[in-house]
Amino acid sequence: MAFFKLSLMMLLQYFIWGAWYVTMGTYMSVFLQSSGVQIGAAYSALAIATMISPFFIGMVADRYFAAQRIMGVLHLLGGGLLFLATQISDNTLFYWIIVFYSLLYMPTIALSNSIAFQQMADPGKQFPWIRVFGTVGWIVAGLMIGALAIEKTPATFYMAAVASFALGVISFALPNTPPKGKTSESAIGAEAFVLFKDKPYLIFFIAAILVCIPLSFYYGFANLFLNELGMDKAASKMIMGQISEAVFILAIPFLFNSIGVKRILMIGIVAWILRYICFAFGNLGANAWMLYAGIILHGVCYDFFFVTGYMYTEKKAGEKIKNAAQGLFTFATYGLGMFIGTWFSGFTTDHYTLDGKHLWENIWLVPAYIGVAVLVYFIFFFKERTELSK
């Protein structure tokens with residue numbers, strides 16, 4: 001019974017995110033006539049929340065409230081804000097609603113993980129079987145958006161709101177996860193700053209922040225791009241990226257031990273470059289395969305850099321500061337890196353917009369060039385002295 005509850009929790013947790021996040025740029029362009037900067041700003045809301053939510057989790061939720069109860073309250077309130085977002089026609093007000101919603105949603109990711117871990121005797125073996133339902137939830141959201149033909153309508157937010165209300169109610173029936181009380185670890189993992197004394201890790205850490213700039217272009221503008229090209233049910237097609245993510249993640253442990261961390265990370269960076277070249281020159285005619293390749297490459301882009309990055313961070317940190325190190329890596333990438341990337345992608349998109357028409361080839365070549373720069377930087381400066389995987 002616990003497995004069913006935890007699996008349902010993960011499925012809904014990521015269904016909510018996938019239901020509104022993928023298509024928000026398209027929604028804003030169609031209904032709010034938003035500029036690239038305004039779309040980028042809205043996507044930066046999750047980055048802001050990623051930087052702030054560890055303080056909420058570490059200083060409030062973990063100390064005073066049972067995880068399942070606070071998660072229930074946050075999802076109930078979040079469902080109301082998702083509905084409210086569809087009633088707004090002003091870009092500034094819409095932005096603040098997304099900011100407040102993100103501040104409610106992002107802590108629930110850590111809370112859902114805590115609830116799951118608390119019930120497991122061997123998290124290393126058991127957690128992936130629970131967490132995979134999160135990927136399933138994101139895929140189901142994309143399929144439903146396509147099947148219901150609601151990609152360019154406010155209904156994506158309604159769908160996310162209903163799921164948020166449902167998870168809010170279900171959360172109160174999840175296994176009890178009492179507060180941990182006071183903890184010696186800081187909110188953003190400051191104990192892990194000691195890792196910066198290790199030059200290879202510092203080089204990797206900077207590269208990870210920079211790679212988030214190309215990542216932001218995909219999250220913020222890929223769905224709008226595919227819709228403007230005229231791709232039918234683009235959101236449903238984009239779930240091929242999540243499917244490839246689920247497939248390629250299985251290769252990471254094998255590759256980590258066989259070819260080493262540097263080569264895996266380099267493959268991940270090269271995949272970013274190839275993805276944006278595919279988007280820059282792809283079309284719905286003879287080069288349609290390039291659009292699909294760009295989507296499917298998501299698994300390599302994400303897994304080979306970010307999943308490997310979490311594993312590399314854990315290896316470097318060791319047992320004592322493992323949690324702090326993971327918190328710092330998340331803060332720097334999905335927080336700081338994505339914040340920089342979402343704003344930069346917005347300004348870039350506006351710069352290459354002429355008379356209301358997006359010059360997509362120019363737009364996509366920018367993150368490709370950034371990927372090349374990060375790759376060169378990584379090749380020349382990242383020199384791991386020891387083979388961590390052996």
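Just so we're clear, the structure is a prediction, and the values are computed from it rather than from any experiment.

Student: Break down empty space enclosed by the protein for me, with residues and values.
Tutor: One pass over the full model with this rule turns up two cavities of 30 Å³ or more. Counted as a void, the largest cavity has a volume near 100 Å³. No other element matches the three residues that helix α8 (residues 199-229) contributes to the lining of the largest cavity. Classifying every residue of the lining of the largest cavity gives six nonpolar, three polar and no charged. One number sums up the size of the second largest cavity: a volume of about 50 Å³. Around the second largest cavity, the lining residues are G18, V22, W138, G142, I145, A235, M238, I239 and Q242. The element that contributes the greatest number of residues to the lining of the second largest cavity is helix α6 (residues 123-147), accounting for three residues.

Student: Go over helix α13 (residues 288-296), please, and point to the residues and values.
Tutor: Here α13 has its buried residues at A288, M290, L291, G294 and I295. Each buried residue of α13 sits inside an arc of 165° when the element is viewed along its axis, so together they form one side. Of the surrounding secondary structure, the elements contacted by the buried residues of α13 are α8, α9 (234-237), α10 (239-248), α12 (261-281) and α14 (298-317).

Student: Quick rundown of the environment of H358? Include the residues and the values.
Tutor: Along the polypeptide, H358 turns up in strand β2 (residues 357-358). Residue H358 is classed as buried on the basis of its relative accessible area, which comes to 14%. Apart from the residues lying within four places of it in its own chain, the contact partners of H358 are L224, E228, T349, Y352, T353 and I363. A polar atom in the side chain of H358 sits 3.0 Å from the side chain of E228.

Student: Tell me about the packing of α12 against α14, and name the residues and values.
Tutor: Between α12 and α14, the least distance of the axes is 8 Å, while the angle of their chain directions is 150°. Taken as axis vectors, α12 and α14 run roughly antiparallel relative to one another. As for how α12 packs across α14, the hand of that crossing is left-handed. Touching V261, I264, L265, I267, G268, I269, A271, W272 and R275 of α12 are H298, V300, C301, Y302, F304, F305, F306, T308, G309 and Y312, all from α14. Of the residues contributing to the contact of α12 with α14, the split by class is 14 nonpolar, four polar and one charged.

Student: Please provide a residue-by-residue account of the packing of aromatic side chains, values included.
Tutor: For the structure shown, the criterion picks out 48 aromatic pairs. The ring of Y14 has R131 sitting right over it, with the charged end atom 4.1 Å from the ring centre. Residue placement shows R275 over the ring face of Y218; its charged tip is 3.7 Å from the ring centre.

Student: Go over the pattern of salt bridges with me, naming the residues and quoting the values.
Tutor: Inspection of every chain in the model, using the stated rule, returns one salt bridge. The salt bridge involving D198 is made with K316; its shortest N-O contact spans 2.9 Å. On the criterion of sequence distance, the pair formed by D198 in the loop between α7 (155-171) and α8 and K316 in helix α14 is long-range, its members being 118 residues apart. Accessibility classification places D198 together with K316 in one group, the buried group.

Student: Tell me about a nonpolar patch on the surface, and name the residues and values.
Tutor: A cluster of nonpolar side chains, contributed by V73, L76, L77, F165, V169 and F172, occupies part of the molecular surface with about 510 Å² of accessible area. Broken down by secondary-structure element, the contributors of at least two residues to the nonpolar patch are α4 (67-85) and α7. In terms of residue count, the dominant contributor to the nonpolar patch is α4 (three residues). Structurally, L77 is set in helix α4.

Student: Could you give me a rundown of the side chain of E245, with the residues and numbers involved?
Tutor: Within the secondary structure layout, E245 lies in helix α10. For the buried E245, no salt bridge is present, and the opposite-charge side chain at shortest range is R131, 5.3 Å distant. Apart from residues lying up to four places away in sequence, E245 is in contact with H298, G299, Y302 and D303.

Basis of the calculations
Residues numbered from 1 in each chain as written. Predicted model: local features only at pLDDT ≥ 70, side-chain atom pairs only at ≥ 80, totals over all residues. Heavy atoms only, no water. 1 Å grid on protein atoms, 1.4 Å probe; cavity = no way out; pocket = protein on both sides within 12 Å on 5 of 7 lines; lining within 4 Å. Points joined across faces, edges and corners; volume = space filled by probe spheres on them. Helix = DSSP H or I, 4+ residues; strand = E, 2+ residues; numbered from the N terminus. Nonpolar A, V, L, I, M, F, W, Y, C, P; charged D, E, K, R; others polar. Buried < 20%, exposed > 50% of the residue type's maximum accessible area, 1.4 Å probe, protein only. Arc of directions from axis to C-beta. Contact = heavy atoms within 4.5 Å. Polar contact = N/O pair within 3.5 Å; in protein donor to acceptor, adjacent residues only side chain to side chain. Axes fitted to C-alpha atoms, helices over the stretch in contact; angles between N-to-C directions. Parallel < 35°, antiparallel > 145°, perpendicular 65-115°, else oblique. Left-handed = near helix turned anticlockwise from the far one by under 90°. Phe/Tyr/Trp six-rings, centres within 6.5 Å; stacked < 30°, edge-to-face > 60°. Lys NZ or Arg CZ within 6 Å of the ring centre and 35° of its normal. Salt bridge = Lys/Arg side-chain N within 4 Å of Asp/Glu carboxyl O. Patch = residues over 30% accessible without salt bridge, like charges linked within 9 Å, V, L, I, M, F, W, Y side chains within 5 Å. Areas by Shrake-Rupley, 256 points an atom, 1.4 Å probe, with all protein chains shown as cover. Lys, Arg positive; Asp, Glu negative; His and termini not counted.

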